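Tertiary structure, described
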Amino acid sequence: MKYLLLFLLPCFAFTSDKPAYQFYNQKLKTTSYQKVLKEAAGADIVFFGELHNNPICHWLELQLTKDLYEQKKEQLILGAEMFEADNQTALSDYVSGKTTDKEFPKQARLWNNYKTDYRPLVDFAREHKLSVVATNVPRRYASAVARQGLASLDTVPTAQKVWMAPLPLTVDLTLPGYKAMLDMMHGDAVSPSASKGPSDQAANFARAQAIKDATMAHFILQNRKPGSTFLHFNGSYHSNNFEGIIWYLRQKQPDLNIVTIASVEVPDVTKPDKANQNLASFILHIPADMTKTY
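A brief report on the enclosed structure follows. (Residues numbered from 1 in each chain as written. Predicted model: local features only at pLDDT ≥ 70, side-chain atom pairs only at ≥ 80, totals over all residues. Heavy atoms only, no water.)

To continue, consider the sheet that holds strand β1 (residues 22–25). One open sheet accounts for 8 strands, arranged β2-β1-β8-β7-β3-β6-β4-β5; its pairing is mixed. Of all the strands in the sheet, the pair left with one neighbour each is β2 (30–31) and β5 (132–136). (Pairing = 2+ DSSP bridges. Helix = DSSP H or I, 4+ residues; strand = E, 2+ residues; numbered from the N terminus.)

In structure tokens:
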């Protein structure tokens, strides 16, 4: 027994005391990945709010996808901000095996970190014949709104309006998420009737965010099925505080069972920041000095 203890002591001495992440619930009580998985499996829609350049987010997204698939099989549907609606055919063709990994990048606009961060998810869907929905509005339309406001969408050809949320779009600039953008850009005093100036620019920036949020909600609702779980990947700010995409979903279907994951970086994952309370159903805390994918 003495020799066994001597053998085991070095193992305990080198046990990791620097966790790479920690989940907390909405009230900032420590919780586990297994609890997150259990809640996600019972939800209609799950939002994994990521930090786009964080490897822990991307690894956990893949793990959650794999584990949900084990429970839901073909009742799991994936969707992502990272793919724009007018690229749905190219995305579906790749996932279904009609095209190759060499053809896909030529047919779709892919983020620069696609190969490292999102291809594992898409390839998992391809291997297991899961649907992947391109939920985001084409960036050219969001850019037009950021420059010229929602009126810029009036000139979009009717055939192309199928790639965005139905118009006219309601945008509530008093929602905390959008108001924070206005405050950040010194646009908190903006008036919807303003025609020029920094405040109007700030309002249009928030409206561009809104057309993305509304479009993602639109395509989630179009593609979800009763009894399925729709797992959606997006920047955390699109679903933080149960706003953004979720606000638009609730306007159409207020009774949806929605689980959200928010990602935050903190100096010490064992010491949650009270400012993040109620940010999401589950708050993923990651060390602030975690290496980045770009």
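After that view, the rundown keeps rolling.
Next up on the list: the pairing of strand β8 (residues 282–287). Counting buried positions along β8 gives 6 out of 6 residues, so the element sits mostly inside the fold. Here β8 shows two buried faces, one formed by Phe282, Leu284 and Ile286 and the other by Ile283, His285 and Pro287. Bridging between β1 and β8 involves 4 bridges; their strand directions are antiparallel. Among the inter-strand pairings, Phe23 is bridged to a residue of β8, identified as Leu284. One ladder, built from 6 bridges, connects strand β7 (residues 258–266) with β8; its direction is parallel. Bridge pairing in β8 places Ser263 opposite Leu284. (Buried < 20%, exposed > 50% of the residue type's maximum accessible area, 1.4 Å probe, protein only.)

This next bit is on the pattern of salt bridges. Going through the model one piece at a time under the given rule, you end up with 11 salt bridges. Put simply, Arg119 and Asp123 hold a salt bridge, and the shortest N to O gap is 2.8 Å. With Arg119 and Asp123 both in helix α6 (residues 114–128) and 4 residues apart, the pair spans about one turn of that helix. Among the salt bridges present, the one from Lys179 reaches Asp183, with a minimum N-O distance of 3.3 Å. Here Lys179 pairs with Asp183, and both are found in helix α8 (residues 176–184), just 4 residues apart, close to one helical turn. For Asp183, a relative accessible area of 33% translates into the label partly exposed. Overlapping salt bridges, with partners in common, bring together Glu84, Asp86, Arg109, Arg139 and Arg140 in one network. (Salt bridge = Lys/Arg side-chain N within 4 Å of Asp/Glu carboxyl O.)

Here we come to α6. The end-to-end C-alpha distance of α6, which contains 15 residues, comes to 19 Å, matching closely the 21 Å that a straight helix rising 1.5 Å per residue would cover. Residue Pro120 marks the point of greatest curvature in α6, where the axis turns by about 35°. What α6 keeps buried is the set Tyr114, Asp117, Tyr118, Leu121, Val122, Phe124 and Ala125. (Expected span 1.5 Å × (residues − 1). Bend = angle between axes of the 7 residues up to and from the residue.)

A separate point is the side chain of Asp213. If you trace the backbone, Asp213 turns up in helix α9 (residues 198–223). The side chain of Asp213 sits in the buried core without any salt bridge; Lys212 is the nearest counter-charge, 8.2 Å away. (Lys, Arg positive; Asp, Glu negative; His and termini not counted.)

Time to look at the nonpolar core. In this structure, Leu64, Phe83 and Phe104 are the most contacted members of the largest nonpolar core, which totals 45 residues. It is helix α3 (residues 55–72) that contributes the most residues to this core, 7 residues altogether. Excluding residues within four positions of it along the chain, Phe104 makes contact with Phe83, Ala90, Leu91, Tyr94, Leu110 and Tyr114. Ranked by size, the runner-up nonpolar core spans 38 residues in total, among them Val133, Leu173, Ile220 and Leu221. (Core = buried A, V, L, I, M, F, W, Y, C linked by side-chain atoms within 4.5 Å. Contact = heavy atoms within 4.5 Å.)

Counting through the fold element by element, Phe282 comes out in strand β8. Spatially, the C-alpha atom of Phe282 lies 5.6 Å from that of Tyr24, the residues being 258 residues apart in sequence.

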